[in-house]
Amino acid sequence: MILRKHLKVYSVQYLRNQFTFISYFIRNHSLSFRHASHKTNKIAGLVNSHLLKRNVNSAIIGNLNSCVTGKEGIKQLMMRGKAATTHQEVLLYDFISTREDATIEEWNALINEILAQNFGLINKLNIDTKVIEACINQKKLYLGRNYLFYMKQIGKKLNAATVSYFLKLCYECRLSLLDQDKTRITQFVKHLLEKLVIFDANSGDGLIKGLIILNNIQKALEILKTMEKSCQPYPVTYSVIALALLQRGELKQALEYMSSAIEIKNNVPDEFCETWISIYKKDRQKLDELLLFLHKNNIKLSKLVCEHLLYAYSNLPTNVKLVGNFGVINNEGKCDVCKEYLNRVDLNEIEFDALQDTFLKRVLVGRDIFNNTNPREFENFVNTVEKHAPFTVVIDGLNVGYMAGTEASKDVFSNLVVSTVKYFQQHMGKPFLIGRKHMIAWPHLLTSLQQMNVKYFFIDDISEDDPFIIYSAMYSGIDTFFVTRDLFRGERYHLQSNKELVLFKRWQQSHQIFITYIAPSGRVYTKTPITFQMDIQQTKNNGWHIPYKENNEVSKDDYGIHRKWLCLNKLQ
């Protein structure tokens, strides 16, 4: 049942090109398959059935059958597909980045070389959109035009996907558009409106960007409402509408649509912030309104946006202006610019109760996160927690044991876990250990736990342990901590609103303990939870502390101390 259920979630294209799902199941079921090779025939049968129902080419099925019986074969096939795709992407990137136009012969040579790479993700069906997408990434409008001309010359018709991608390219290069581009955009928008009844996320995104270029915001809003009935629009689709509304002075609506974008992806584009600052650079109240919105949604800004903020605030009238500089925060949360401390991260009882209700009833149980767990195991686990809670700390036993690396001996694994449990029992009172059933065979682990009178629960080896850890910690209450290096990204992904995500991050930041090192003597070194807020916040004198990331830096959700801050305060 587990295998059959999971096979359904992958698209045919994904199955055809990556075969990752086969590797996933063999890897995660390796314990039960190790001594029962006939099980692989069952996997092959399920794979065949699944693919045949979806009219997948028989040659693809043959490839799957030939590799499903051996992990090495799967690994080689996946590496081959990944390498082929990477090579295709490099060929396309090099071509697009080194020229502004191309002849028919050059386009033909490129496409033939790309399609000659077997097992690559770029194929005859998507090659046109991939070319235009590469032009988008490098903002090569002229080359995009040139490719459309090439398609016309060889008699290849434009499909809706290619039209949509070209509209996206025009939006990215909208400051460089010519009259002929706007004429073509009008034609393409009309084409999509006439041809499509239902818009998917991609075609709808391109259409909306085309409408915004043509300054038809009302029609763009209508298309978005239509899209929401049939698909999940991209966050960027909401963002471009929010930006258009901001430029029209419709702030309330702009923030509403930006909030919708944030619900999907916790990010606000630089262009939105920069436009806001540019429009309201002389209005302290409006600048504060932007920062309050960003604070509410736990958004980190780029250094470039912070530079614009610093300039805007420092050029306001004297009675409302703020001055400041870029600085760093120490381990205690002290700013080296103003010498003040950041606000404490507080999660009150009402907020915790709401978060607890969300996770225990809806996210963990309601979405069947325990599907990999048999009902009896889950019932026994809940009974154990309810009988012995509250615990002061919940420990991820496997995570602790594997700090020595998976190649270490079972004696080492066991010693690490025992040392950790003993440390937290001495320093925090009542630990609860969650492990996997194969850990029972680790030398003297069970005996040591029983001698220390520590409660524990060992789940099946195929079960996810993160939900059990969260359940135990949240059920125990607001004062319970948990020990693991996992960041629970999967569980956070299933939260339904950004407000819930912000609360969960605050709870996780203030309750998660990381073990940094366990000495041979058994001494445990930990990194305690961070006690101060790491989001945009107001200072005591109505200034601001603003965390920022370097331009183009990818945010890392590692729950470490964020060091880089912009400090804005009143002139003393």
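See above for the structure.
Residues numbered from 1 in each chain as written. Predicted model: local features only at pLDDT ≥ 70, side-chain atom pairs only at ≥ 80, totals over all residues. Heavy atoms only, no water.

Caption draft 1: A look at the packing of helix α11 (residues 160–172) against helix α13 (residues 201–213). At a closest axis distance of 8 Å, the pairing of α11 and α13 adopts a crossing angle of 40°. It follows that α11 is oblique to α13 by the angle criterion. Considering how the two elements wind past one another, α11 and α13 form a crossing that is left-handed. On α13, the residues touching Ala-161, Ser-164, Tyr-165, Leu-167, Lys-168, Cys-170, Tyr-171 and Glu-172 of α11 are Asn-202, Ser-203, Asp-205, Gly-206, Leu-207, Lys-209, Gly-210, Ile-212 and Ile-213. (Axes fitted to C-alpha atoms, helices over the stretch in contact; angles between N-to-C directions. Helix = DSSP H or I, 4+ residues; strand = E, 2+ residues; numbered from the N terminus. Parallel < 35°, antiparallel > 145°, perpendicular 65-115°, else oblique. Left-handed = near helix turned anticlockwise from the far one by under 90°. Contact = heavy atoms within 4.5 Å.)

Caption draft 2: Quick look at the pairing of strand β8 (residues 524–527). Of the strand pairs in this sheet, strand β7 (residues 512–518) and β8 are connected by four bridges, and their pairing is antiparallel. In the strand pairing of β8, Ile-515 is matched with Thr-526. (Pairing = 2+ DSSP bridges.)

Caption draft 3: Main features of the pattern of salt bridges. Per the counting criterion, the structure on display carries 15 salt bridges. Across the pair Glu-106 and Arg-99 runs a salt bridge, and its minimum N-O distance is 3.4 Å. Looking at Glu-106, the relative accessible area reads 32%, which means it is partly exposed. Among the residues examined, Arg-99 registers a relative accessible area of 25% and is labelled partly exposed. The shortest N-O distance in the salt bridge between Glu-250 and Arg-248 comes to 3.1 Å. (Salt bridge = Lys/Arg side-chain N within 4 Å of Asp/Glu carboxyl O. Buried < 20%, exposed > 50% of the residue type's maximum accessible area, 1.4 Å probe, protein only.)

Caption draft 4: Layout of the packing of α13 against helix α14 (residues 217–230). In contact at an axis separation of 8 Å, α13 and α14 are set at 170° when each is read in the N-to-C sense. With respect to α14, the axis of α13 lies roughly antiparallel. On the side of α13, the interface is formed by Ala-201, Gly-204, Asp-205, Leu-207, Ile-208, Leu-211 and Ile-212, while α14 contributes Ile-217, Lys-219, Ala-220, Ile-223, Leu-224 and Met-227. Residue classes in the contact of α13 with α14 are distributed as 10 nonpolar, one polar and two charged. (Nonpolar A, V, L, I, M, F, W, Y, C, P; charged D, E, K, R; others polar.)

Caption draft 5: Spotlight on the packing of aromatic side chains. Evaluated as defined, the whole model comprises 24 aromatic pairs. An angle of 40° between the planes, with centres 5.4 Å apart, marks the rings of Tyr-147 and Tyr-150 as tilted. Residue Tyr-147 and its partner Tyr-150 are located together in helix α10 (residues 141–153), separated by three residues, close to a single helical turn. For Tyr-147, a relative accessible area of 0% gives the class buried. We classify Tyr-150 as buried; its relative accessible area is 4%. (Phe/Tyr/Trp six-rings, centres within 6.5 Å; stacked < 30°, edge-to-face > 60°.)

Caption draft 6: The arrangement of empty space enclosed by the protein in detail. Evaluated as defined, the whole model comprises one cavity of 30 Å³ or more. For the largest cavity, the calculated volume is near 50 Å³. If you go around the largest cavity, the residues you meet are Asp-396, Asn-399, Val-400, Met-403, Val-483, Thr-484, Arg-485, Ile-513, Phe-514 and Ile-515. Put simply, the parts of the chain that give the lining of the largest cavity at least two residues each are α22 (397–401) and β7. No other element matches β7, which puts three residues into the lining of the largest cavity. Taken together, the residues of the lining of the largest cavity sort by class into six nonpolar, two polar and two charged. (1 Å grid on protein atoms, 1.4 Å probe; cavity = no way out; pocket = protein on both sides within 12 Å on 5 of 7 lines; lining within 4 Å. Points joined across faces, edges and corners; volume = space filled by probe spheres on them.)

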